[in-house]
Amino acid sequence: MINQLTHLDRLESKSVHIIREAYSNFKNLCMLWSIGKDSTVMLWLARKAFFGHVPFPLVHVDTAYKIPEMIEYRDRLAREYKLDMIYGQNEEALRDKKTFPDGDCSRIECCKRLKTEALKNTLAGTWKRYRMNKETGIYEVDSNTEPYTGVIVGVRADEEGSRSKERYFSPRDRNNDWDVGDQPPEFWNQYKTDFAPGTHVRIHPLLDWTEVDIWKYIQREGIPTVSLYYNQGDGKRYRSLGCYPCTSPIQSQASSVAEIIEELESGILSNIAERSGREQDKEDGGGLEDLRKDGYM
Amino acid sequence: MSLIKQTEKADVKQREVMNIVIVGHVDHGKSTVIGRLLADTDSLPKGKLDQVRENCRRNSKPFEYAFLLDALKDEQAQGITIDAARCFFKTKKRNYIILDAPGHIEFLKNMVTGAANAEAALLVIDAQEGIMENSTRHGYLLSMLGIKQVAVLVNKMDLVEYNQEVYEDIKKNYATFLEKVGIQATCFIPVSGFHGDNITRHSENMPWYGGDTVLDRLDLFHSAGLPVDMPFRMPVQGVYKFTQDGDYRRIVAGTVETGRIKAGDTVVFYPSGKKSKVKTIETFNAPEPDEAVPGMATGFTLEDQIYITRGEIATVSGEAPCRISRKIVTNVFWLGKHDLVKDKEYLIKIGTSKISATLIEVVKVMNASDLSNEAKDYVGRHEVAECIFDLKKDIAFDLNNENPVTGRFVIIDDYEIAGGGIIVDQVKDKYSRVRDYVVMRNLKWEKSIIGRDLRSVRYKQKPALVIITGDEASDKKELAREVEKLLFDNGEYVYFLGIGNVVYGVDADIRATQSDKSLKDPNRQEHIRRLGEVANVLLDAGMILVVTAVELTADEIDMIDTTVVPPHICVVWLGDKVTTDVKYDIKLAEGDYKKNASIIRKHLSERGVIFNPLL
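Just so you know, these numbers come straight off a predicted model, no measurement behind them.

### Topic: the overall build of chain A
Working step 1: What chain A contains, in helices and strands, is 9 helices and 11 strands.
Working step 2: The burial tally for chain A puts 65% of its 297 residues in the buried class.
Working step 3: Residue pairs in contact within chain A that sit at least 24 positions apart in sequence constitute 71% of those at least 6 positions apart.
Working step 4: As presented, chain A carries roughly 10,500 Å² of accessible surface, and 47% of it is formed by carbon and sulfur atoms.

Now the structure itself:
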């Protein structure tokens, strides 16, 4: 007889419920997968929700500056889990070298071009989408250009300021704008699943999770993660993964999930932001509110 | 070092976590109370308290604990992981998440959003200012949101010289108010957030108070126990089948709200009344659980291939069944930008079902401050009212006092959640009798091995009901025969069910004897119900059925819709002038029957009823 659910059980069930609600309510639904720990946990929760299957495409915005291990890991899992894997990118900015690493613009501007713009246009279907052919494992241009009306995103409320103001189902208007001051109420497991034509909804199943919850769940479920999160002998590990020109590791001895949990619970990182290794945050006045209002994850 | 770190599954240590919401009128001191709790339980980042004190000294303003929250907000903007709206702190017993709900009325929807996730509430009242509008409104909303544990903090006791009378007076009045809205306050605590009296340590300034401190009280709140002893309720989120991946399980998925379920239990789904036995409880990356309990997002397979859809509520046979109705009496709180008015179509969401609804009566609008009533025929923003709604279709639910979770709903207006409510009663509507028969019939239905899907594959069609109606003079039967022939020639399994086939046999006991047996026939409703029942048998056999009747109304079509297990229904009006309020799919002019029949056939083909290519 089960008489109590643990904190992780409750988090898991609520997220699964939200993912299933999204699946029932949005015909053109996708899940963003950044290959990081949070969205990988979210992918795992989708497999929980549908008993081992993922009945919607996974979309990755490839900035071409991701640490190469991340792309390999993505494709390997996509094949193993039989995912409907799609990626999109800002091909023009990359071709014309209009990026921060090419010295053309600021980090923020680069984020806008390679992430926000690429994300918006990939979701809208206005730029090319590449879809993995499940037979060959090779990416091909996707013939489907219909816009996604529901987008599942793995942001957590405790990550940074603007994300703490999110709802589980958060509407975005035609211009991708987010009206932080006037958001719909959400209560009793009832979410905003009705939307006017031309708008879309971001769905945030991980909103209630904290960084340490994520690691505990990875531990409990035995979820594979990118090795970059662990100290590989040089006393450093990545706490948050992004593009390599703008992401730096933290000092840490933690080389296993258990050690990361211990490190987080010890409080030694409690005065250091999780995204402290992400340089673009600092340029955006500390919060991501400006980037996010514009459509950033 | 490999690319992917494969972690072994392992148990993790977890502490209990409780969500608390803090509510009250604006400026009654919520932030100060939170600041105190954080500071006195040592939950602040290192040096934060000193830093804020130092800031105050430099700007020569007196230090206040509320500034701590502001400071945390600033810091949050820099990415430190503390949420202003959510504060984290821990005691020896467990971890807490305190949701700071805005006191200003403009943010009522944020307050509702925050409070709905809480297991207990702290409600703050300013001792000097006394009970204000939002003290009562928030109290009322806590009751409607279903939060049972409420500690009332009478704050700023220092400003009234720790006067016991002031405290007792507020306590008496507010307790009376809470009682009226159905909450019994867990306790009242006189506090001063500013000086820390009775927050984490007992106050020397109020020796007359012998109760708990706020911190003690928090630890005494019960963690919401699982409502396992209530009747089983699981709103169906979806029925999943992933045959394209070689998985042939058909899983009924949802989150258990109350009760428990295990393999072997007989489940009954409402409003359809269909039933089967649970074969397995399903899961992923874990051993099959013995049972599913409240709060679990789960799924199960059934022994029979019964046809059920999202929106039904799964119950366990032998336990209290759900109620079913189209008319509900509710208490509603309205947050919408526009008033809640009659003659407008809204959507009501209960569990996972979503149904069109209209407001048909505003019984009374309540003033949340003094609970006085006002007679109005609309509900304005931030008002609470007793209302009756008319629903387009049958809905399954419980009364709120029987089961809070399946007894509440939200209202959608123009794509937005604009209000919430609880169901306090149901009204018998004109379909109650028909529906009771249907539920009983479905419960007792003898299932065959050949399911609906198998028949569809064999017959290359889905069952469908074509209803041809029109005024007395129009030749509906002629058209019906033509449709039957055309479909038959196309290879369909089709049957024309003339009303005469029913009236003189099935309806022999109620057949009108006088010559006037048209619309005034007192048994017309029963005739139509029986026609629906006969149709249901033929539809279950996989037929496309063509029936005719004189001047059917929207209500009568609704009744047929209630009676037959969902096939595709196509309503055809024959004749130029539409003489009832019926909503038809096709309107045809009299005359060319061959042409008319082919229009109907095309419609069925477009709706996916007929799989055969049209000849």
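### Details of the sheet that holds strand β27 (residues 586–588) of chain B
Strand pairing in a sheet takes place through backbone hydrogen bonds and is either antiparallel or parallel in direction.
Residue and element names in this part refer to chain B.
Working step 1: Pairing within the open sheet is parallel, and its 5 strands lie in the order β24-β25-β23-β26-β27. Two strands bound the open sheet, and with one partner strand each, they are β24 (494–497) and β27. Within this sheet the neighbouring strands show an average axis-to-axis angle of 20 degrees, counted without direction.
Working step 2: Here strand β23 (residues 464–470) runs beside strand β26 (residues 568–574); their pairing, made up of 7 bridges, is parallel. Pairing of Thr 469 across the sheet is with Trp 573, part of β26.

### A few points about the interface of chain A and chain B
Working step 1: Taken together, the contact pairs 84 residues of chain A with 84 residues of chain B.
Working step 2: Carbon and sulfur atoms supply 54% of the area that chain A and chain B bury against each other, a total of about 6,900 Å² over both sides.
Working step 3: For the pair chain A and chain B, the number of links is 4 salt bridges.
Working step 4: Here A:Glu21 ties to B:Arg310 by a salt bridge, and the two come within 3.0 Å at their closest N and O atoms.
Working step 5: There are 26 residue pairs in polar contact (both at pLDDT 80 or more) connecting chain A and chain B.
Working step 6: Within the residue set of the side of chain A that touches chain B, elements represented by two or more residues are α1 (7–25), α2 (37–49), α3 (68–80), α6 (211–221), β9 (225–226) and α7 (257–266) of chain A.
Working step 7: Looking at which element gives the most residues to the side of chain A that touches chain B, the answer is α1(A), with 12 residues.
Working step 8: For the side of chain A that touches chain B, the residue count by class is 33 nonpolar, 29 polar and 22 charged.

### Details of the pairing of strand β14 (residues 297–302) of chain B
All names here are of chain B.
Working step 1: Taking burial as the measure, the 6 residues of β14 include 6 buried ones, the bulk of the element.
Working step 2: Here strand β9 (residues 251–255) pairs with β14 via 4 bridges, running antiparallel. Paired with Thr 255 across the strands is Ala 297, a residue of β14.
Working step 3: Bridge count for strand β12 (residues 275–281) against β14 is 3 bridges, and the pairing is antiparallel.

### Topic: the domain arrangement of chain B
Working step 1: In terms of domain boundaries, chain B breaks down into domain 1 (11–220), domain 2 (234–316), domain 3 (323–433) and domain 4 (448–606).
Working step 2: Between the C-alpha centres of domain 1 of chain B and domain 2 of chain B there is a distance of 41 Å.

### Quick notes on a nonpolar patch on the surface
Working step 1: On the surface, B:Ile449, B:Ile450 and B:Leu454 cluster together into a nonpolar patch covering about 350 Å² of accessible area.
Working step 2: Relative to the helices and strands, B:Leu454 is located in helix α9 (residues 452–459).

### Here's the deal with the pairing of strand β18 (residues 353–366) of chain B
Residues and elements named next belong to chain B.
Working step 1: The pairing of strand β17 (residues 346–350) with β18 spans 5 bridges and is antiparallel. Bridge pairing in β18 places Ile 350 opposite Ser 353.
Working step 2: With antiparallel pairing between neighbouring strands as the criterion, β17 and β18 make up a hairpin whose turn holds 2 residues, including Gly 351 at a positive phi of roughly 55 degrees.
Working step 3: Of the strand pairs in this sheet, β18 and strand β20 (residues 384–397) are connected by 8 bridges, and their pairing is antiparallel. Its bridge partner lying in β20, Lys 364 is registered against Glu 386.
Working step 4: Where β18 and strand β19 (residues 373–374) come together, 2 bridges link them in antiparallel fashion.

### Remarks on a negative patch on the surface
All names here are of chain B.
Working step 1: Residues Asp 475, Glu 478, Asp 576 and Glu 590 make up a contiguous surface patch of negative charge.
Working step 2: Secondary-structure assignment places Asp 576 in the loop between β26 and β27.
Working step 3: Residue classification places Asp 576 among the exposed residues on the basis of a relative accessible area of 64%.

### Comments concerning the packing of α1(A) against α2(A)
Residue and element names in this part refer to chain A.
Working step 1: The N-to-C vectors of α1 and α2 enclose an angle of 75 degrees; their axes lie 9 Å apart at closest approach. One element, α1, and the other, α2, form an angle in the roughly perpendicular class. Taking contact as the criterion, the partners of Glu 12, Ser 15, Val 16, Ile 19 and Arg 20 in α1 are, on α2, Met 42, Leu 45, Ala 46, Lys 48 and Ala 49.

### Some remarks on the confidence of the model for chain B
All names here are of chain B.
Working step 1: Of all residues in chain B, 94% have pLDDT values of 70 or greater, and the mean over the chain is 86.
Working step 2: Taken as a whole, residues 76–84 scores under 50 in pLDDT and shows 29 contacts with residues more than four places along the chain or in a different chain.
Working step 3: Interface confidence for the predicted complex, given as ipTM, is 0.90, next to a pTM of 0.81.

### A short note on the sheet that holds β12(B)
Working step 1: Spatially, β8-β9-β14-β12-β11-β15 (chain B) is the arrangement adopted by the 6 strands of the closed barrel, whose pairing is antiparallel. Taken over all neighbouring pairs, the strand axes of this sheet differ in orientation by 50 degrees on average, direction set aside.
Working step 2: Against the sheet, α1(A) touches β8 (234–240), β9 and β14 of chain B, its axis set at about 60 degrees to β8(B).

### Things to note about the packing of aromatic side chains
Working step 1: A full pass over the atoms with the stated rule returns 26 aromatic pairs over all chains.
Working step 2: Geometrically, the ring pair formed by A:Trp44 and B:Phe284 is tilted, given 5.6 Å between the ring centres and 55 degrees between the ring planes. Of the two residues, A:Trp44 is situated in helix α2 and B:Phe284 in the loop between β12 and β13 (291–292); the pairing between them involves two chains.
Working step 3: You can call A:Trp44 buried: its relative accessible area is 6%.
Working step 4: Classification of B:Phe284 by relative accessible area gives buried; the value is 14%.
Working step 5: When the ring of A:Trp209 is compared with that of A:Tyr217, the centres are 5.2 Å apart and the planes differ by 85 degrees; the resulting orientation is edge-to-face.
Working step 6: The rings of A:Tyr23, A:Phe50, A:Phe56, B:Tyr240 and B:Phe242 are connected pair by pair, giving a single aromatic cluster.
Working step 7: Lying over the aromatic face of A:Tyr81, A:Arg47 brings its terminal NZ or CZ to 3.5 Å of the ring centre.
Working step 8: In this structure, B:Arg452 is placed above the aromatic ring of B:Tyr307, and the distance from its NZ or CZ to the ring centre is 5.2 Å.

### Side note on unusual backbone geometry
Residue and element names in this part refer to chain B.
Working step 1: Of note, the amide linkage connecting Tyr 270 to Pro 271 takes the cis form, showing an omega dihedral of 10 degrees.
Working step 2: Within the secondary structure layout, Pro 271 lies in the loop between β11 (266–270) and β12.
Working step 3: For Asp 27, which is not glycine, the phi torsion reads 70 degrees and is therefore positive.
Working step 4: Note that Asp 27 resides in the loop between β2 (17–24) and α1 (30–40).
Working step 5: Judged by its relative accessible area of 63%, Asp 27 falls in the exposed class.
Working step 6: Backbone geometry at Asp 343 places phi at a positive 60 degrees, although glycine is not the residue there.
Working step 7: Mapped onto the elements of the fold, Asp 343 is located in the loop between β16 (323–334) and β17.

### Here's the deal with the environment of B:Ile20
Residues and elements named next belong to chain B.
Working step 1: Considering the arrangement of structural elements, one finds Ile 20 in strand β2.
Working step 2: Between the C-alpha atom of Ile 20 and that of Tyr 431, which follows or precedes it by 411 residues, the distance is 44 Å.
Working step 3: If sequence neighbours within four positions are ignored, Ile 20 has contacts with Tyr 96, Ile 97, Ile 98, Leu 99, Ala 118, Ala 120, Leu 122, Leu 218 and Phe 221.

### Section: α7(A)
Residue and element names in this part refer to chain A.
Working step 1: Listing the buried residues of α7 in full gives Val 257, Ile 260, Ile 261, Glu 263 and Leu 264. Relative to the axis of α7, the buried residues are bounded by an arc of 160 degrees and lie together on one face.
Working step 2: Its buried side turned inward, α7 meets α6, β10 (236–237) and β11 (250–251).
Working step 3: Downstream of α7 by a residue or two, Gly 267 has a phi angle that is positive, lying close to 90 degrees.

### Focus: the packing of helix α4 (residues 108–115) of chain B against helix α5 (residues 133–145) of chain B
Residue and element names in this part refer to chain B.
Working step 1: Viewed as axis vectors pointing N to C, α4 and α5 meet at an angle of 40 degrees, and their least axial separation amounts to 11 Å. Between α4 and α5, the angle is such that the two are oblique. Of the two possible hands of crossing, α4 and α5 adopt the one that is right-handed. Contacts between α4 and α5 involve Leu 108, Met 111, Val 112 and Ala 115 on the former and, on the latter, Arg 137, His 138, Leu 141, Leu 142 and Leu 145.
Working step 2: Tallied by class, the residues present in the contact of α4 with α5 amount to 7 nonpolar, 1 polar and 1 charged.

### Comments concerning the environment of B:Asp229
Working step 1: Looking at where B:Asp229 falls in the secondary structure, it is placed in the loop between α7 (214–220) and β8.
Working step 2: Taking the C-alpha atoms as reference points, B:Asp229 and B:Gly259, 30 residues apart in sequence, are found 5.5 Å from one another.

The rules we used
- Residues numbered from 1 in each chain as written.
- Chains lettered and ligands numbered in written order.
- Predicted model: local features only at pLDDT ≥ 70, side-chain atom pairs only at ≥ 80, totals over all residues.
- Heavy atoms only, no water.
- Helix = DSSP H or I, 4+ residues; strand = E, 2+ residues; numbered from the N terminus.
- Buried < 20%, exposed > 50% of the residue type's maximum accessible area, 1.4 Å probe, protein only.
- Contact = heavy atoms within 4.5 Å.
- Areas by Shrake-Rupley, 256 points an atom, 1.4 Å probe, with all protein chains shown as cover.
- Pairing = 2+ DSSP bridges.
- Axes fitted to C-alpha atoms, helices over the stretch in contact; angles between N-to-C directions.
- Buried area = accessible area lost by both parts, 1.4 Å probe.
- Salt bridge = Lys/Arg side-chain N within 4 Å of Asp/Glu carboxyl O.
- Polar contact = N/O pair within 3.5 Å; in protein donor to acceptor, adjacent residues only side chain to side chain.
- Nonpolar A, V, L, I, M, F, W, Y, C, P; charged D, E, K, R; others polar.
- Domains from an automatic or database assignment.
- Patch = residues over 30% accessible without salt bridge, like charges linked within 9 Å, V, L, I, M, F, W, Y side chains within 5 Å.
- Lys, Arg positive; Asp, Glu negative; His and termini not counted.
- Charge placed at Lys NZ, Arg CZ, Asp CG, Glu CD.
- Parallel < 35°, antiparallel > 145°, perpendicular 65-115°, else oblique.
- pLDDT = per-residue confidence, 0-100.
- Phe/Tyr/Trp six-rings, centres within 6.5 Å; stacked < 30°, edge-to-face > 60°.
- Lys NZ or Arg CZ within 6 Å of the ring centre and 35° of its normal.
- Arc of directions from axis to C-beta.
- Left-handed = near helix turned anticlockwise from the far one by under 90°.

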